[in-house]
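Coordinate analysis (summary)
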Amino acid sequence: MDRLIPSTDSILAELGIDRTDLKSIKPHWKRTQYRAIVNWLTKYQPPSSGSNLEMVRGYLETCYHFFQLEDWEKADRVLMIRVAGLTDEDLDDALGTWGAYSEQINLYQKLLGKLNHKRNISILNDLGYAYDTIGQFQTAIDYYHTALEESQKVGQIKLQSMTLSNLGSTYTSLGDYQAATSVLNEALEIARSQQDDSIQSPVLNNLGDVYLRKSEYDRALDFYQQNWSIVDRMGDTKGKITSLNNLGAVNSCLWNHETAIDYYQQALALAIKFSYPREQMRALSGLGDVFLTQGNPEKSLHQQQEALDIAKKLGDRVNEGTILGSIGNVYYGIGEHHQAISFHHKALNLARSLGDMSTETTALAALGKAHIALQEIEQSEQFYQTALELGREIGDSGSEATAILGLGSIAFHKKHYKTAIQRLKQGFKIARRIGDLRNQVGALGTIGNCYIRLKQFARAIGYFHASVNLARKAGDVENENEALISIGSAYTALGDVDKGIDYFHQSFIRSQEIGAQKSVGYALYNLAMSYARIQDWQQALLHILRSLAIFDRLQLPDAQDTVNIVWRLIQTTELDVQDIEAALAEIAELDGDSVAEQIATCLAETDSDVIDAS
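Residues numbered from 1 in each chain as written. Predicted model: local features only at pLDDT ≥ 70, side-chain atom pairs only at ≥ 80, totals over all residues. Heavy atoms only, no water.

Quick word on the packing of helix α10 (residues 157-174) against helix α12 (residues 197-213)
Interaxial distance between α10 and α12 falls to 9 Å at its minimum, and their mutual angle equals 20°. The angle between α10 and α12 places the two elements in the roughly parallel class. Note on packing geometry: the crossing formed by α10 with α12 is left-handed. Contact with α10, carried on its side by Lys 158, Ser 161, Ser 165, Asn 166, Ser 169, Thr 172 and Ser 173, involves Ile 199, Pro 202, Val 203, Asn 206, Asp 209, Val 210 and Arg 213 of α12 and no other residues of that element. Looking at the contact of α10 with α12 residue by residue, the classes come out as 4 nonpolar, 7 polar and 3 charged. (Axes fitted to C-alpha atoms, helices over the stretch in contact; angles between N-to-C directions. Helix = DSSP H or I, 4+ residues; strand = E, 2+ residues; numbered from the N terminus. Parallel < 35°, antiparallel > 145°, perpendicular 65-115°, else oblique. Left-handed = near helix turned anticlockwise from the far one by under 90°. Contact = heavy atoms within 4.5 Å. Nonpolar A, V, L, I, M, F, W, Y, C, P; charged D, E, K, R; others polar.)

Some words on a positive patch on the surface
Together, Lys 425, Lys 429, Arg 432 and Arg 459 make up a positively charged patch on the protein surface. The element that contributes the greatest number of residues to the positive patch is helix α23 (residues 417-434), accounting for 3 residues. Residue position: Lys 425 is located in helix α23. (Patch = residues over 30% accessible without salt bridge, like charges linked within 9 Å, V, L, I, M, F, W, Y side chains within 5 Å. Areas by Shrake-Rupley, 256 points an atom, 1.4 Å probe, with all protein chains shown as cover. Salt bridge = Lys/Arg side-chain N within 4 Å of Asp/Glu carboxyl O. Lys, Arg positive; Asp, Glu negative; His and termini not counted. Charge placed at Lys NZ, Arg CZ, Asp CG, Glu CD.)

Some thoughts on helix α15 (residues 257-273)
Taking 1.5 Å per residue as the helical rise, α15 with its 17 residues ought to reach 24 Å, and the 24 Å between its terminal C-alpha atoms agrees with that figure. All of the buried residues in α15 are His 257, Ala 260, Ile 261, Tyr 264, Ala 267, Leu 268 and Ala 271. In an axial view of α15, the angular spread of the buried residues amounts to 130°, which keeps them on one side of the axis. Pointing more than 90 degrees away from the buried face of α15 are the exposed residues Glu 258 and Lys 273. Looking at the packing, one finds that the buried side of α15 touches α14 (237-253), α16 (277-293) and α25 (457-474). (Expected span 1.5 Å × (residues − 1). Buried < 20%, exposed > 50% of the residue type's maximum accessible area, 1.4 Å probe, protein only. Arc of directions from axis to C-beta.)

So, the side chain of Asp 396
By the secondary structure assignment, Asp 396 is in the loop between α21 (377-394) and α22 (397-413). Buried charged residue Asp 396 carries no salt bridge. Nearest counter-charge: Arg 213, at 7.2 Å.

Remarks on the environment of Gly 321
Looking at the secondary structure, you find Gly 321 in helix α18 (residues 317-333). Excluding its chain neighbours within four sequence positions, the residues that come into contact with Gly 321 are Ala 347, Leu 350 and Thr 359.

A look at the pattern of salt bridges
Under the criterion given, the structure shown has 23 salt bridges. Close ionic contact of Lys 240 with Asp 232 constitutes a salt bridge, the shortest N to O distance being 3.7 Å. With a shortest N-O distance of 3.0 Å, Glu 279 and Arg 282 are connected by a salt bridge. Taken together, the residues Glu 279 and Arg 282, both in helix α16 and 3 residues apart, mark about one turn of the helix. Take Arg 282: its relative accessible area is 22%, and that puts it in the partly exposed class.

Some details on the packing of aromatic side chains
In this structure the tally under the stated criterion is 12 aromatic pairs. A ring pair is formed by Tyr 64 and Phe 67, whose centres lie 5.7 Å apart and whose planes are at 80°; its orientation type is edge-to-face. With Tyr 64 and Phe 67 both in helix α4 (residues 57-69), this residue pair falls 3 residues apart, about one helical turn. Here Tyr 64 falls in the buried class, since its relative accessible area comes to 17%. Accessibility expressed as a relative area gives 7% for Phe 67, which makes it buried. Where Tyr 211 meets Phe 223, the ring centres are 5.8 Å apart and the plane angle is 5°; that geometry is what we call stacked. Taken together, the residues Tyr 211 in helix α12 and Phe 223 in helix α13 (residues 217-234) connect sequence positions 12 residues apart. As far as burial versus exposure is concerned, Tyr 211 and Phe 223 are alike and both buried. Every member of this aromatic cluster is reached through a ring pair, and the members are Tyr 64, Phe 67 and Trp 72. Note that Lys 299 overlies the ring of Phe 291, its terminal NZ or CZ placed 4.4 Å from the centroid. In this structure, Lys 346 is placed above the aromatic ring of Phe 343, and the distance from its NZ or CZ to the ring centre is 4.7 Å. (Phe/Tyr/Trp six-rings, centres within 6.5 Å; stacked < 30°, edge-to-face > 60°. Lys NZ or Arg CZ within 6 Å of the ring centre and 35° of its normal.)

A short note on unusual backbone geometry
Each neighbour pair has its own omega, and for Lys 26 with Pro 27 the value is 0°, a cis peptide bond. As for its position among the elements, Pro 27 is in the loop between α1 (8-14) and α2 (28-42). One non-glycine residue with positive phi stands out, namely Glu 70, at about 55°. Here Glu 70 is to be found in the loop between α4 and α5 (72-79). One non-glycine residue, Gln 535, adopts positive backbone phi at about 60°. If you trace the backbone, Gln 535 turns up in the loop between α28 (517-533) and α29 (537-553).

A closer look at the confidence of the model for the chain
Low-pLDDT stretches of the model should not have their predicted coordinates read in fine detail. Looking at the chain as a whole, its pLDDT mean stands at 90, while 96% of the residues score no less than 70. A low-confidence stretch, residues 608-614 (pLDDT under 50), is modelled with 11 contacts involving residues beyond four sequence positions or located in other chains. (pLDDT = per-residue confidence, 0-100.)

Examining α25
With 18 residues, α25 extends 25 Å from end C-alpha to end C-alpha; this agrees with the ideal 26 Å at 1.5 Å per step. Each element contacted by the buried residues of α25 is listed here: α15, α23, α24 (437-453) and α26 (477-493). Just beyond α25, the residue with positive phi is Gly 475, at close to 75°.

Notes on the packing of helix α19 (residues 337-354) against helix α20 (residues 357-373)
Relative to each other, α19 and α20 sit at 160°, their axes nearing to 9 Å. Viewed along their axes, α19 and α20 adopt a mutual orientation that is roughly antiparallel. In the crossing of α19 with α20, the sense of the turn from one axis to the other is left-handed. Across the interface between the two elements, His 337, Ile 341, His 344, His 345, Ala 347, Leu 348, Ala 351 and Arg 352 from α19 touch Thr 359, Glu 360, Ala 363, Leu 364, Ala 366, Leu 367, Ala 370, His 371 and Ala 373 from α20. Broken down by class, the residue content of the contact of α19 with α20 amounts to 10 nonpolar, 5 polar and 2 charged.

Structural data, given as C-alpha cells:
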C-alpha cells in the first residue's frame, strides 16, 4: 500500500518536537508522554497488508497521548494531517470515509469544547454527521442545533449554512421533508449570498435528496445537475463521486436506465480508485436496482449482496435497510415471495429502530405487494393502508401512489371492481404527475384486469396495450410481461384463441429472457388452458406439466390446483398415463432430467382416484 501520510520527520517538525530534547522535558510523566509520541511516530510498523486504520494507528495513538498532555491544538493538528495516496482527505475525515465512526466520534468528543469557536463548530458538525450515518438521528440533530447556536452567536455565516445543510439532510433521513426543505432553503440563501461554491454544493446536493425522496424527480435532477457543475468545476473528487451516484439514482427513477448505469459505473470506478467505500456501496446497490428493472435478477442480487457487505462493514445502518429492501425486491421478482417478505421485514424493523420513515414506508408497501402475491389479502391490505398513512404524513407522493394502487389491487382481489378502478385511476394520476412510470404501467394493467372481470374486453385490451407500450418505453420488462399475459387472456375470452396463444407465447419468451420464473409458470399455464380450449390435448398436457414444475419449486398455492388439472385431463380426454410419460420425456429434453423427475414425484404424491373430475 502506498504511503498514506507525510514522513515522520516532517510531522515531528510540524509538531515542534525535537527527539534530542526529550531528556530535558520535565516533569517525568510529561517526558513519558512525549517519548510515547515519538515512538508511535517513528517505530510503529503497520502490517504490510493491514487495513487503513492499522496504517494510521501510530498517528491516532499520538492524538491520545496529546490528550493526556491536554495539548488539544497539537492533537487536532495530527487529525488535520493530509492522508495522501487514497482518499486525499484530512485524517479525521478519512476515518469517516473508512467507516471508523466509533474511532472518529471518540476523538471528536475528547476535542469538543477545547479549541477555538470555529473549530468547535466544525467538530459539532462532524459529530452530527457521524451519528447521522450510523442512524442515531436525534443525537445528530442535537449536535447540529448546538453548532447552529454557536455559529449564530459568533457570526460564522458560512458555518451556519453548512450546519443548516447537514440538519436538512438528517430531517430528510427521518422523512420530515417540510422541515428539511425549510432549513435547506435557508442554507442555500446564505451560501449564495457568500458566493462560495464549497458551501453551496452540499446544499444543492441535499435539496436534490429531499425531492428524490418525495418522488419529485425533475426537481431532484435540477438540483443534482447544479451540484455537478460546481463539483466538476472545483475538481472535488469526493463531491463528483457523490454527484454521479445521485445522478444515477434520479435517472433510474426516471427510467433512463442506460444513463443511470453510465453514472453509476463512473461513480463505482472512482470510488474504488480513491477508496470511498460508502459511495462504492451506493453505486453497487444502484446498479443492482437498475439490473433488476432490466430483468437481470441474478446480476442484481450479486450487486446488492456486495453492497450489503460494505454497509455492514461501515456500520451504515441507514443504507443497510435500503439494501435489504432492494434484495427483497429481487426475490419478489423471481417469485420467491416468502424470501422477499423476510428481507422486507428486516428492512422494516431496521427502519423503525432508526426512525427512518422513508424506508419504513417503502418496506410497508413492499410487504403489501408480496402478501398479495401469496393471496394473503387481509395482511396485504393492512400493510398498504399503513404505508398510505405514513406516506401522506411525510409528503412522499411516490409512496402514496404505490399504496393507493396497492389498495386498488386489494379491491380487485375482493371483486370490488368499480372501487378498484376508482383507486387505480387516483393512483395513476399521482404517478403521472410525479413522472413515476413504473406505477403508471402497473395501474394501466390492473385497470385492464378490472375491465376483464366486468366483461368489457375491448376496453381491457386498450388498457393492456397502453401498459405494454409505456412499459417498453420505460424498459419495465416485468410489467410488460404481465400485460402481454393479460392481452392473451382477453383475446382468449373473446374467442380468438390463436391470438391469445400468440401473446402468451410472447410472454413466455420474455419471461425466460429476464429469468422471471413465476411469470414463466403462468405463461405456460395460460398456454395449456388455451391449447385445451382448442382440444390440442398433447400440447395442453405438456405445458401444464411444465408450469407445475415451476409452481411446485416456488411453493405457490397454484401447484395443487395444477396437479388436479393434470389428472382431470387424463380422466376427461383421450389422454392416458402413457401420454404423461411421453410428456415427461420431452420435458427432460427441454428443461432437464431433474425437472421431469420433480414433476413425476409431485404427481406420484397425489392419488388420482380421489381427484374430483367433475
